[in-house]
Amino acid sequence: MNSFGEVTGEMLAKLRGVVGEENVVAEEDRMIDYSHDEMAKDTAISHRPDVVVKPGSTEEVSDIMKVANEGRIPVTPRGAGTGLSGGAVPVLGGIVLSLERMNRILEIDEENLMMVVQAGVSFMDVYEALQKTDLFFPPHPGDESAHIGGAAACNAGGARCVKYGVMRNYVTGAKVVLPNGDVVELGGKLLKNNTGYNLLQLLVGSEGTLAVFTEVTLRLLPKPRETMVLLIPYRSTGEAIATVPRVLRSGIIPLGMEFLDRSSVEPTERLLGKKWPAKEGEAFLSVILTGDKKEELYSECEKIAAIAQEGGALDVLVAGTKREQDLIMDIRSNVYEGLKPETLEILDIAVPPSRIPDFVDKVKETSERYGVKLPSYGHAADGNVHVNIMKSGLTEEEWREKYPRVREELFQAGEALGGVITAEHGVGANKIGDLSHTLGEREIGLMRGIKKTFDPNGILNPGKVTPP
């Protein structure tokens, strides 16, 4: 176990000298927002830092890391705090390194289809900046306030992964600060680079345990001209998901394919005061199509409709207007917020896409056996299933007894189907004890070795991803 130092008055003075008095926060009441992420309240991981420091440049991040490394002070990098695994929570105290001030878009290079941003730029900022161009940035997490640096560190996914992939596919370069304060520039405006070990891609997804992203170079794509959304109701989740491989085998690659059940939709309808367009069905498949011509999309809609109806679809609703599409996407995007008041944890287990029906059957069986509600939804085409473990209808004593057993059983079910414990939320602090469902001791040992190489003093985001 690492032996960490304390944040002393002398150290606070050094930090103020780096970033200025107003960018060092040490008052307890002002640090509450930096003590947790968006995990559900009853099971959230929470710990206040000793101090919050807000750098405004890579050079300031470097100086902060030098001070922390010399004093062996834990440093927790933090973006917008939208994570769901405790990854941005300072579980061992020390310094929260908030990148919120580093929020400038540095360059939009339309000739090379690239964009360079500071780590604290949000997805919303990126989308707005690109509105004046013919380019777009494909990744889309559930919360557009999420920061690019945090999304790169966590290899964020989202609903558009089917056609475009995850964050890893769009980070071509970065400026990072190592735990000892050294600044390293990796990659650049390049689509191919086979020069040595790919350190950049090692850092993407490392959850802030190996280096701090301060600038990120993003790959852009030409903006699609047309979008259509299909909403397809079914009697059961199994029928809905069975449609997915048939659609993909037809040669159609949608922007996204999402499934959700009625129990996931109803709380969100109440939250937003909006009505889900499909009145029939207990399970739904949402299919997003993009292209350059409406005629092509209509043709794809007809093919999907025929496939869906052969598979038991009760109807096929086509949302052709932006207003209709926004209604469906708004409700889908807010499902977690609708369920959150009664949620204990939202799991993001991934299994091979063809095994989703088997996993959903196991979820239903577990729900019935324990008497615990487990509404499920997720990314049907990439195998990522979100299961919300709910406390609804249970006393505190009951849910505290059942919750860990249900959680463990679902991890075991995913493992048995060739799956993993996390598809996009990350390990963070929450799932360290569950790694054995996905990784063996040899793999975990290699991860420990990598961590030691980058961070000999173990100060950068300790208590996350890799067991001590």
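What comes next is a walk through the structure.

The rules behind these values
Residues numbered from 1 in each chain as written. Predicted model: local features only at pLDDT ≥ 70, side-chain atom pairs only at ≥ 80, totals over all residues. Heavy atoms only, no water. Helix = DSSP H or I, 4+ residues; strand = E, 2+ residues; numbered from the N terminus. Rg over C-alpha atoms; globule rule 2.2 N^0.38 Å. Buried < 20%, exposed > 50% of the residue type's maximum accessible area, 1.4 Å probe, protein only. Contact = heavy atoms within 4.5 Å. Areas by Shrake-Rupley, 256 points an atom, 1.4 Å probe, with all protein chains shown as cover. Lys, Arg positive; Asp, Glu negative; His and termini not counted. Charge placed at Lys NZ, Arg CZ, Asp CG, Glu CD. Pairing = 2+ DSSP bridges. Axes fitted to C-alpha atoms, helices over the stretch in contact; angles between N-to-C directions. 1 Å grid on protein atoms, 1.4 Å probe; cavity = no way out; pocket = protein on both sides within 12 Å on 5 of 7 lines; lining within 4 Å. Points joined across faces, edges and corners; volume = space filled by probe spheres on them. Nonpolar A, V, L, I, M, F, W, Y, C, P; charged D, E, K, R; others polar. Salt bridge = Lys/Arg side-chain N within 4 Å of Asp/Glu carboxyl O. Parallel < 35°, antiparallel > 145°, perpendicular 65-115°, else oblique. Left-handed = near helix turned anticlockwise from the far one by under 90°. Patch = residues over 30% accessible without salt bridge, like charges linked within 9 Å, V, L, I, M, F, W, Y side chains within 5 Å.

Details of the overall build of the protein
When its secondary structure is counted, the protein shows 14 helices and 18 strands. Taking 2.2 N^0.38 as the reference for a compact globule, 468 residues should give roughly 23 Å; the C-alpha atoms of the protein span a radius of gyration of 23 Å, in line with that estimate. When its C-alpha atoms are laid out on the principal axes, the protein stretches across 70 × 60 × 45 Å. Each of the 468 residues in the protein was classed as buried or not, and the buried ones make up 56%. When contacts within the protein are restricted to residue pairs at least 6 apart in sequence, long-range pairs at least 24 apart make up 74% of them. Summed over its atoms, the accessible surface of the protein is roughly 20,500 Å², and 48% of this surface lies on carbon and sulfur atoms. Of the side-chain charges in the protein, 52 are positive and 69 negative, and the distance between the mean point of each set is 1 Å.

Quick word on the sheet that holds strand S15 (residues 317–319)
The seven strands lie next to each other as S15-S12-S14-S13-S17-S18-S16, forming an open sheet whose pairing is antiparallel. Only two strands of the sheet have a single neighbouring strand rather than two, namely S15 and strand S16 (343–350). Looking at each pair of strands side by side, their axes are set apart by 15° on average, direction ignored. Note that strand S13 (residues 256–261) and strand S14 (residues 283–291) share six bridges and pair antiparallel. Across the sheet, Glu258 pairs through a bridge with Ser286, a residue of S14. Running over the sheet, helix H12 (residues 356–370) touches S13, S16, strand S17 (376–379) and strand S18 (384–390) and is turned about 5° from S18. Its contacts with the sheet put helix H13 (residues 396–416) on S16 and S18, and the angle it makes with S16 is roughly 5°.

Re the layout of surface pockets
Roughly 1,100 Å³ of internal volume is contained in the second largest pocket. Lining the second largest pocket we find 47 residues, and of these Val427, Met447, Lys464, Val465 and Thr466 sit closest to its centre. Among the elements that take part in the lining of the second largest pocket, helix H14 (residues 441–454) stands out by supplying five residues, more than any other. A per-class count over the lining of the second largest pocket returns 23 nonpolar, 15 polar and nine charged.

Here's the deal with the pattern of salt bridges
Within the structure shown, the criterion is met by 25 salt bridges. Of the charged contacts in the structure, one is a salt bridge between Lys54 and Glu100, with a shortest N-O distance of 3.6 Å. Taken as a pair, Lys54 in the loop between strand S2 (51–53) and helix H2 (58–71) and Glu100 in the loop between strand S4 (95–98) and strand S5 (105–109) lie far apart in primary sequence, 46 residues in all. The salt bridge involving Glu107 is made with Lys189; its shortest N-O contact spans 2.8 Å. One end of the pair, Glu107, is in strand S5; the other, Lys189, is in the loop between strand S9 (183–187) and helix H6 (199–203), and 82 residues separate them in sequence. On the basis of relative accessibility, which here comes to 33%, the residue Lys189 falls in the partly exposed class. Among the charged side chains, a network of salt bridges with common partners joins Lys362, Glu365, Arg369 and Glu409.

Brief notes about the packing of H12 against H13
In contact at an axis separation of 10 Å, H12 and H13 are set at 160° when each is read in the N-to-C sense. By the angle between their axes, H12 is roughly antiparallel relative to H13. The interaxial crossing formed by H12 with H13 has right-handed handedness. Facing H12, whose interface residues are Phe359, Lys362, Val363, Thr366, Arg369 and Tyr370, H13 presents Lys402, Arg405, Val406, Glu409, Leu410, Ala413 and Gly414. Considered class by class, the residues forming the contact of H12 with H13 number six nonpolar, two polar and five charged.

Quick word on the sheet that holds strand S1 (residues 24–25)
Across the sheet, four strands lie side by side as S1-S2-S4-S3; this open sheet has mixed pairing. Because the sheet does not close on itself, it has two edges, and the strands there are S1 and strand S3 (75–78). By the bridge criterion, four bridges tie S3 to S4 in an arrangement that is parallel. The residue of S4 that forms the bridge with Thr76 is Val96. In this fold H2 packs onto S2, S3 and S4, with an angle of close to 170° to the strand it touches most, S4.

Description of empty space enclosed by the protein
Per the counting criterion, the structure on display carries one cavity of 30 Å³ or more. Of the volumes computed, that of the largest cavity is approximately 40 Å³. If you trace the largest cavity, you find it lined by Met39, Ala40, Thr43, Leu84, Tyr336, Leu344, Glu345, Ile346 and Asn430.

Notes on a nonpolar patch on the surface
Together, Tyr197, Leu199, Leu202 and Ile450 give the surface a local cluster of nonpolar side chains, amounting to about 410 Å² of exposed area. As for its placement among the helices and strands, Tyr197 is situated in the loop between S9 and H6.

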